[in-house]
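Inside the fold
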Amino acid sequence: MNTRTFGILFVCAALAGLPSGCAKKETAPAATLAKILRFGNGAEPQDIDPHAVTGVSEGKIINALFEGLVAEDPSGIGIAPGVAERWTISDDGLVYTFHLRADAQWSNGLPLTASDFVHSYQRMLTPSLASEYAYKLYPLTGAEAYNKGASTDFSQVGVKALGDHTLKLTLKNRTPYLLQDLKHYAWFPVPVDVIGKFGGLARKGSAWTRPGNFVGNGPFILKEWLPNQRLVVTRSPTYWDHATVKLDEIDFMPVEDGDTEERMFRSGQLDKTESLPLEKIAVYKRNYPMMYREDPFYGVYFYRINVTKPPFNDVRVRRALAMCIDREAIVSDILHGGQKPAWNFTPPTPEFESSARIPYDVAEAQHLLAEAGYPEGKNFPHVELLYNTSASHRIIAEAIQQMWKTSLGIDITLLNQEWKVYLDSQNTGNYQLARAGWIGDYPDPNTFLDLWTTGGGNNQTGWSNATYDDLLRSAASATNDTERATDYQQMEQIVADELPVIPIYFYTHVYALNPKVKGWVPQLIDNRAWKWIDLAE
Amino acid sequence: MFRFIARRLLQTIPVLLVLITASFLMLRLVPGGPFDSEKATTPEIKHNLEAYYGFDQPLHKQFFNYLGNIVLHGDLGRSTKYSNRTVNEIIADKFPVSLELGAWSLLIALTIGLSAGILAAVYKNTWADYVTSGIVMTGICVPTFVLGPLLVLAFAIHFGWLSASGWYVWQDRVLPALTLGIVYAAYIARLTRGGMLEVLGQDYIRTARAKGASETRVVLRHALRGGLLPVVAFLGPAIAGIITGSFVIETIFQIPGLGREFVNSAFNRDRTLILGTVMLYAVLIIALNLVVDVVQVWLNPKLKFD
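Residues numbered from 1 in each chain as written. Chains lettered and ligands numbered in written order. Predicted model: local features only at pLDDT ≥ 70, side-chain atom pairs only at ≥ 80, totals over all residues. Heavy atoms only, no water.

1. Focus: the overall build of chain B
In terms of helices and strands, chain B carries 13 helices and 0 strands. Secondary structure of chain B in N-to-C order comes out as α-α-α-α-α-α-α-α-α-α-α-α-α. A principal-axis box enclosing the C-alpha atoms of chain B has dimensions of 85 × 55 × 30 Å. The long-range share in chain B, meaning contacts at least 24 apart out of those at least 6 apart in sequence, stands at 73%. (Helix = DSSP H or I, 4+ residues; strand = E, 2+ residues; numbered from the N terminus. Contact = heavy atoms within 4.5 Å.)

Shown next, in the form of structure tokens:
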């Protein structure tokens, strides 16, 4: 390289360097004229085909682009009509008849009919599509057999179109939470005709979900999708209730890093964050209480125990460990986000609150441990507590490690693993104690208690209890809510006695929200209907 | 020279083949698969998923299918995480972003790094040298995940001149390019200073001075050519690293580049995407090392192609 080349380089660099000093801020998308909500949406969506995804961030986008039979009401807990304007439920709770509104249509202008639902559910259950959420439809008669390939006759599945605007769902068991669950995107209709044109129905990831090709039936339509940048939806003119829709546009921003997201919020690039970093919670509470939000959330943070290996095959050891965790201290001194201590497994709702309670009793815990053969922790084997790599899991694990050491005299080692390795370790039973969490899919204790059935895919503790399994079956076939609740209370008590898991705290959803966002009500399960949300000074 | 290049290019083929095979096999050995998630699905659905992506076939068949698709169709396969995108599409979409960010950073790195390095060498052991070397050491020591957020706090949040994140308008390029560039600038400055000092003490420089060449000419014309050799050797792999994207920078500034895809694909066990990005990275490193070798021969008359 000679001097001339260098001269050129220097000049270029000087020119390139100049603007950095005098750049003016590019004005943020003008939220004053058009109502544009800029929404921190966590992970980049895998897809926006309701049959091809399982995530929460996808669900939020899908809720804007599609609508199910019923939808979330403005209060955030009730049920509002969606594509169905009204419905009837048979006395035994097994047959649901939905009357679809005549003006429901797809964004390409075609009418949305009952047969669209039938074809959508058929696609969802087609084994070769391999839809991971297909099991959400298992409450329908014959759905499980069809999805597992045991039957190839879709007419045996409990979904029927009785004319263009009447849809009948027939259930295996009385499922009192069905209407709530119908708000989940697994139950949404998809434009089968459109999908068919892009490589066939049994194909995931075809081009039908690209802007330009996309057809939905929700309050918004897809305008732009720049992967890892943003996904923009805009008001749909064909939506039956378009007069109620208040926002002109929602920009879903996939920001996975909590610190980046918080900086974007502070500089005015976001109206709502997905979460708030632990260390920012106190700052927001003190300096920006108007923007700080903590909503109850239907989830529980717990430690899974591998009950097949000593020392945890002894219930006394499990009880001893569970009884000397000071959960109040964990939520108030570590988490700061309004989380509630979990003295039982299922998070409380207005409809169900567990009467079972794990006592906080250090003396009793010491006694139990001594009885199990480890007085004052003597001879206690080497135990590892596994968690997926994350600072907040580590802090909690350290606190509990300390509590066990001071109260029981036992030493445990902390072990962190990368996410997929951690999942694999639990799946294969290659762990002793492991941090875990569970978020409910629908507001019913079944979504939590179902986990601990014998051999269930999410059990992973090796724990099995015949009475518990019977109670779950009994609750499923119960003919009234009181009977169900009694069954669930008993199951809660069994979990609290046997402790295949140690519940630690109930989640809250902590985030920052621009006070201009109106209609943003707390939701136990995040199934927001975007048409109620507004932006105003 | 052409024979040299042709031979090197031919050597690339077995290297790539070994790389693909090793990566392909290693991906099967790591714990956790693409469809493992916190909410376990039924074994039947999981089996259907494996079958959908052909993961139920024998390993050698999967491997030859994969290889065949690359050789015959240039098709790197489909992402298992982002079901509606192919690996080719993702790379075509993200690589230009990382390339652009890398180009700006490189410009900044070379400008600052070379000037600082030359300055420090020419004014060796004076205050100019100490100040520059001090700043350079700081640049090397401060990690990007500290520098990036600091720049955002100052220029985006405090002064409000630039955006905290994004990749839409040219102003969005400034902070990430600066953050990435400064680190490399620091290394380049150190290497330039070292290289220049070595050369400046040699006889041919004294000869040039004795013949009455101006100091500027001595430094920029005679000394720089030799002094740059260590920088050039460093630049090969560095450029490959810089243009394939930086996970940290892209995460801090919310840039849709290839660096994030590369790292996240490993977290997601998105096998096809991992293999695709690994191969791209390998090809770039091989190509740039070749360029470096050619440039080194050109800069250093003592070296010959052989």
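Okay, back to it.
2. Some remarks on the sheet that holds strand β14 (residues 412-417) of chain A
All names here are of chain A. Taking strand neighbours across the sheet as the criterion, the 6 strands line up as β12-β16-β11-β15-β13-β14 in an open arrangement whose pairing is mixed. Either end of the sheet is taken by a strand with one partner, and the two such strands are β12 (340-341) and β14. The strands touched by helix α13 (residues 419-427) within the sheet are β11 (292-305), β13 (383-388), β14 and β15 (433-439), with β15 carrying the most contacts at an inclination of about 100°. (Pairing = 2+ DSSP bridges. Axes fitted to C-alpha atoms, helices over the stretch in contact; angles between N-to-C directions.)

3. A few points about the side chain of Asn147(A)
Checked against the element boundaries, Asn147(A) lands in helix α4 (residues 143-147). Judged by its relative accessible area of 2%, Asn147(A) is buried. For Asn147(A), the side chain forms a polar contact with the side chain of Tyr138(A), separated by 2.6 Å. If we skip the residues at most four places from it in the chain, Asn147(A) touches Met124(A), Leu125(A), Thr126(A), Pro127(A), Ala134(A), Tyr138(A), Ile45(B) and Asn48(B). (Buried < 20%, exposed > 50% of the residue type's maximum accessible area, 1.4 Å probe, protein only. Polar contact = N/O pair within 3.5 Å; in protein donor to acceptor, adjacent residues only side chain to side chain.)

4. So, the domain arrangement of chain B
Residue and element names in this part refer to chain B. For chain B, the assigned domains are domain 1 (2-73) and domain 2 (94-299). The C-alpha-based centres of domain 1 and domain 2 are spaced at 33 Å. Residue-level contacts link 21 residues of domain 1 with 16 residues of domain 2. Summing both sides of the interface, domain 1 and domain 2 together bury roughly 1600 Å²; the carbon and sulfur share of this comes to 75%. In terms of surface lost to domain 2, no three residues of domain 1 exceed Arg8, Leu27 and Tyr66, which account for 32% of the buried area on that side. The tally of links between domain 1 and domain 2 comes to 1 salt bridge. A salt bridge links Arg8 to Asp293; the nearest nitrogen and oxygen atoms lie 2.6 Å apart. The tally of links from domain 1 across to domain 2 stands at 3 residue pairs in polar contact (both at pLDDT 80 or more). Mapped by element, the contributors of at least two residues to the side of domain 1 that touches domain 2 are α1 (2-29) and α3 (59-73). (Domains from an automatic or database assignment. Buried area = accessible area lost by both parts, 1.4 Å probe. Salt bridge = Lys/Arg side-chain N within 4 Å of Asp/Glu carboxyl O.)

5. Quick notes on the layout of surface pockets
Here the second largest pocket is characterised by a volume of approximately 1300 Å³. Along its surface, the second largest pocket is lined by 42 residues, and Tyr135(A), Tyr138(A), Asn446(A), Asp450(A) and Thr42(B) are the ones closest to its centre. Looking at the lining of the second largest pocket, the elements with two or more residues in it are α14 (446-449), α15 (466-477) and α16 (481-498) of chain A together with α2 (43-52) of chain B. In terms of residue count, α15(A) provides more of the lining of the second largest pocket than any other element does, 5 residues in total. Tallied by class, residues from the lining of the second largest pocket come to 14 nonpolar, 14 polar and 14 charged. (1 Å grid on protein atoms, 1.4 Å probe; cavity = no way out; pocket = protein on both sides within 12 Å on 5 of 7 lines; lining within 4 Å. Points joined across faces, edges and corners; volume = space filled by probe spheres on them. Nonpolar A, V, L, I, M, F, W, Y, C, P; charged D, E, K, R; others polar.)

6. Describing the environment of Lys35(A)
Residue and element names in this part refer to chain A. Relative to the elements of secondary structure, Lys35 occurs in the loop between α1 (3-22) and β1 (36-40). Of the residues examined, Lys35 reaches a relative accessible area of 27% and is grouped as partly exposed. Each C-alpha atom, one on Lys35 and one on Leu535, is 6.2 Å from the other, the two residues being 500 residues apart in sequence. Each residue touching Lys35, except ones within four places of it in the same chain, is listed here: Lys246, Leu247, Asp248, Glu249, Asp534 and Leu535. Separated by 3.0 Å, the side chains of Lys35 and Asp534 make a polar contact.

7. A look at the interface of chain B and chain A
At the junction of the two partners, chain B supplies 65 residues and chain A supplies 70 residues. Where chain B abuts chain A, roughly 5800 Å² becomes buried across the two surfaces, and 55% of that area is made up of carbon and sulfur atoms. Taken as a group, Glu38(B), Lys39(B) and Asn84(B) account for 12% of the area that chain B buries against chain A, more than any other trio of residues on that side. Applying the counting rule to chain B against chain A returns 5 salt bridges. A salt bridge links Arg269(B) to Glu418(A); the nearest nitrogen and oxygen atoms lie 2.7 Å apart. Connecting chain B to chain A are 24 residue pairs in polar contact (both at pLDDT 80 or more). Top contributing element to the side of chain B that touches chain A by residue count: helix α4 (residues 87-122) of chain B, with 8 residues.

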